[in-house]
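Secondary and tertiary structure notes
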Amino acid sequence: MSSVTLKGIGKTYSGNILAVKDFNMEIGDKEFVILVGPSGCGKSTTLRMIAGLEAINEGELYIDDKLVNEVPPKDRDIAMVFQNYALYPHMTVFENMAFGLKIRKTPRAEINERVLEAAKMLEIENLLKRKPGALSGGQRQRVALGRAIVRKPKVFLLDEPLSNLDAKLRTSMRTVLSKLHMQLGTTFIYVTHDQTEAMTMGTRIVVMKDAFVQQIAPPQELFDKPCNLFVATFMGTPQMNIAEAELIDDGKVTYLEFGGGENKTRIALPEAKGRKPEVLKYVGGRVLFGIRPNDIHAEPDFIAQHPEQTVESDVDFVELLGAESNVFIKVSEIEFACVIDSKIRMINGEKVKLAFDTEAVHIFDKETEETVTN
């Protein structure tokens with residue numbers, strides 16, 4: 001068992017600076033939990049409180065049902081991997097990986113066995129005699145991971161471990177970490193500001209903002225059913241389009257009407273969404289609606305099948321990305337981004353018809369920014 005339970009965890013620094021407030025979560029054995037959010041949201045502080053590197057001002061922290069608020073870091077049976085690798089430059093890779101075990105007076109034969117096992121797992125057996133200065137960033141990160149693995153801790157804590165790597169290396173290291181989690185069969189708690197890392201690796205994601213947890217959910221649920229405007233726009237690349245609209249109802253169909261002056265656009269909501277009581281109560285009022293770029297379509301078949309969701313748009317800019325293009329358009333003077341198959345050619349300045357997949361539209365209360373449709 002390697003469970004972690006946070007009950008009302010909070011942290012306030014001197015000067016009444018709130019870092020984390022009322023964090024509640026049960027992290028199960030073998031989960032891969034990701035804490036994600038913008039800089040300063042409290043995710044790293046939360047991780048450091050779990051590690052014992054920050055004192056907890058409020059609440060209770062349990063590891064395997066044992067209260068550990070006052071337990072020193074060395075006695076919590078956790079291992080932490082830092083952003084800057086924290087390797088000893090004068091030691092070889094083997095010595096770096098073995099250092100923690102030597103401090104604990106582990107027998108030499110066991111140290112050799114554990115280091116070689118971890119090195120094989122991370123494919124760095126040929127680097128054991130080198131020093132960190134002779135390694136690439138990705139190799140150093142593997143050594144830092146190896147140093148944690150040999151400890152065989154109950155919980156792995158990882159604080160933005162890939163942020164110093166280039167884009168290509170980050171992608172490959174995501175795969176390494178995911179495989180490592182499956183091989184080790186233990187609990188991972190991982191901090192990042194990169195929502196792509198969160199979506200591709202986590203079994204559950206915790207989205208934080210301004211010291212508070214916004215939502216906890218599996219990746220796909222978080223993407224499909226964000227609880228508020230912040231989560232909706234933070235998760236997903238390119239980010240969700242957001243526009244203000246009026247909800248109009250003709251007794252049979254509910255419409256979103258948006259745009260300025262007389263140049264307005266109206267799109268119909270599907271019955272299952274538009275006729276919900278929680279949506280109808282906003283009829284005649286203003287709401288915010290969101291649609292992801294992948295849910296704006298240029299395919300002729302989709303447009304033909306959805307006439308009440310089809311809009312006239314002006315192409316502002318086309319960003320070619322190979323198989324897909326990011327196309328930036330204006331509909332009734334409102335800007336939207338959409339992701340289009342590059343086989344469908346679009347030219348800057350031309351007028352095109354596009355269709356909004358209103359099954360995928362999200363509606364938010366304009367004042368509270370909480371979801372209405374999820």
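Here, the structure is the one placed above.
Residues numbered from 1 in each chain as written. Predicted model: local features only at pLDDT ≥ 70, side-chain atom pairs only at ≥ 80, totals over all residues. Heavy atoms only, no water.

Some words on the overall build of the protein
Worth spelling out the cut-off: Secondary structure follows DSSP: runs of H or I at least 4 residues long count as helices, runs of E at least 2 residues long count as strands, and numbering of each begins at the N terminus. Buried means the residue's accessible area, taken with a 1.4 Å probe over protein chains only, is under 20% of the maximum for its type, while exposed means over 50%, and partly exposed covers the values in between. Whether two residues are in contact is decided by their heavy atoms: any pair within 4.5 Å suffices. Asp and Glu count as negative and Lys and Arg as positive, but His and the ends of the chain are not part of the count. Taken as the charge centre is NZ of Lys, CZ of Arg, CG of Asp or CD of Glu, depending on the residue.
Secondary structure assignment for the protein yields 11 helices and 20 strands. Looking at the protein as a whole, 51% of its 374 residues are labelled buried. Taking as baseline every contact in the protein between residues at least 6 positions apart, the subset at least 24 positions apart corresponds to 66%. Of the side-chain charges in the protein, 46 are positive and 53 negative, and the distance between the mean point of each set is 10 Å.

Details of the side chain of asparagine 96
Definition in use: Contacts described as polar in this section are N or O atom pairs within 3.5 Å, which, within protein, must combine one atom able to donate a hydrogen with one able to accept it, while residues neighboring in sequence count only if both atoms come from side chains.
Structurally, asparagine 96 is set in helix H2 (residues 93-103). Within the structure, asparagine 96 has its side chain in polar contact with the backbone oxygen of methionine 91 (distance 3.3 Å). The residues contacting asparagine 96, other than those within four sequence positions of it, are Leu87, Tyr88, Met91, Pro132, Val143 and Arg147.

Digging into H2
Three or more residues of H2 are buried, namely Val93, Asn96, Met97, Ala98, Gly100 and Leu101. Tucked inside the fold, the buried residues of H2 contact helix H3 (108-121) and helix H4 (137-149).

Thoughts on the packing of H2 against H4
Packed helix pairs are specified by the crossing angle of their axes together with the interaxial distance, meaning the distance between the axes. The cut-off we apply is this: Orientation is described by axes fitted as lines to C-alpha atoms, over the contacting stretch for helices, and by angles from 0 to 180 degrees between their N-to-C directions. Any angle that falls under 35 degrees is termed roughly parallel, while one over 145 is termed roughly antiparallel, one within 65 to 115 roughly perpendicular, and all others oblique. Crossings are assigned a handedness: left-handed for a near helix turned anticlockwise from the far helix by less than a right angle, right-handed for a clockwise turn. Under the scheme applied, nonpolar residues are Ala, Val, Leu, Ile, Met, Phe, Trp, Tyr, Cys and Pro; charged residues are Asp, Glu, Lys and Arg; polar residues are all the others, including Gly.
Close contact between H2 and H4 brings their axes to 7 Å; oriented N to C, the two are set at 30°. Taken as axis vectors, H2 and H4 run roughly parallel relative to one another. Here the hand of the crossing between H2 and H4 comes out right-handed. Of the residues in H4, those in contact with Val93, Asn96 and Met97 of H2 are Val143, Gly146 and Arg147. For the contact of H2 with H4, the residue count by class is three nonpolar, two polar and one charged.

Notes on the environment of arginine 286
Inspection of the secondary structure assignment puts arginine 286 in strand S14 (residues 286-291). Each C-alpha atom of the pair arginine 286 and leucine 61 lies 43 Å from the other, and the pair is 225 residues apart in sequence. For arginine 286, the contacting residues outside a window of four places in its chain are Glu244, Ala245, Glu246 and Lys366. Within polar-contact distance, the side chain of arginine 286 engages the side chain of glutamate 244 at 3.0 Å.

Describing the nonpolar core
As a reminder, the rule being used: For our purposes a nonpolar core is just a set of buried Ala, Val, Leu, Ile, Met, Phe, Trp, Tyr and Cys residues, chained together by side-chain atoms within 4.5 Å.
With 46 residues, the main nonpolar core has Met97 and Met235 as its most contacted residues. Counting 30 residues, the second largest nonpolar core, distinct from the first, contains Ile267, Val287, Val315 and Val331.

Some points on the pairing of strand S8 (residues 187-192)
Keep this limit in mind: Pairing between strands requires that DSSP locate at least two bridges from one strand to the other. When the strands point away from the viewer and the path from the first strand over the helix to the second turns clockwise, the crossover is right-handed.
The buried fraction of S8 is high, at six of six residues. Of the two faces of S8, the one holding Thr187, Ile189 and Val191 and the one holding Phe188, Tyr190 and Thr192 are both buried throughout. As paired elements, strand S3 (residues 32-36) and S8 share five bridges and run parallel to each other. Bridge pairing in S8 links valine 33 to isoleucine 189. Crossover handedness for the path strand S7 (residues 155-159) to helix H5 (residues 167-184) to S8: right-handed.

Comments concerning the sheet that holds strand S10 (residues 212-217)
Strand order across the open sheet formed by six strands is S6-S7-S8-S3-S9-S10, with mixed pairing between neighbours. Of all strands in the sheet, those with a lone pairing partner are strand S6 (78-81) and S10, marking the two edges. Within this sheet the neighbouring strands show an average axis-to-axis angle of 15°, counted without direction. Direction of pairing for S7 relative to S8: parallel, over a ladder of five bridges. Note that in S8 the partner of aspartate 159 across the bridge is valine 191. Across the sheet, H4 touches S6 and S7, and the angle it forms with S6 is around 175°.

Some remarks on the layout of surface pockets
Rules: A 1.4 Å probe that fits but cannot get out identifies a cavity on a 1 Å grid over protein atoms alone, an open set with protein on both sides within 12 Å along at least five of seven lines counts as a pocket, and a residue lines either if it has an atom within 4 Å of a point. Grid points are joined across faces, edges and corners, and a volume is the space filled by probe spheres set on the points.
Computed from the structure, the largest pocket encloses a volume of approximately 570 Å³. Lining the largest pocket are 20 residues, and of these Ile78, Met80, Phe82, Arg104 and Arg151 sit closest to its centre. Contributions of two or more residues to the lining of the largest pocket are made by S6, H2 and H4. Top contributing element to the lining of the largest pocket by residue count: S6, with four residues. Here the residues of the lining of the largest pocket sort into 14 nonpolar, one polar and five charged.

A look at the sheet that holds strand S20 (residues 362-365)
On the basis of which strands lie adjacent, the open sheet formed by five strands has the order S13-S12-S11-S14-S20 and antiparallel pairing. In the strand order of this sheet, the two ends are held by strand S13 (265-268) and S20, each with one partner. With strand direction ignored, the average angle separating the axes of adjacent strands in the sheet is 40°. Bridge analysis of S14 against S20 gives four bridges, and the strand direction is antiparallel. Along S20, the bridge assignment pairs phenylalanine 289 with isoleucine 363.

Observations regarding the packing of H4 against H5
Where H4 meets H5, the axes come as close as 11 Å, and the angle between the chain directions of the two elements is 15°. Relative to H5, the element H4 lies roughly parallel. In this structure, H4 meets H5 at a crossing whose hand is right-handed. Along the contact surface, H4 presents Gly137, Gly138, Gln141, Arg142, Leu145 and Ile149, while H5 presents Leu169, Met173, Val176, Leu177, Leu180 and Leu184.

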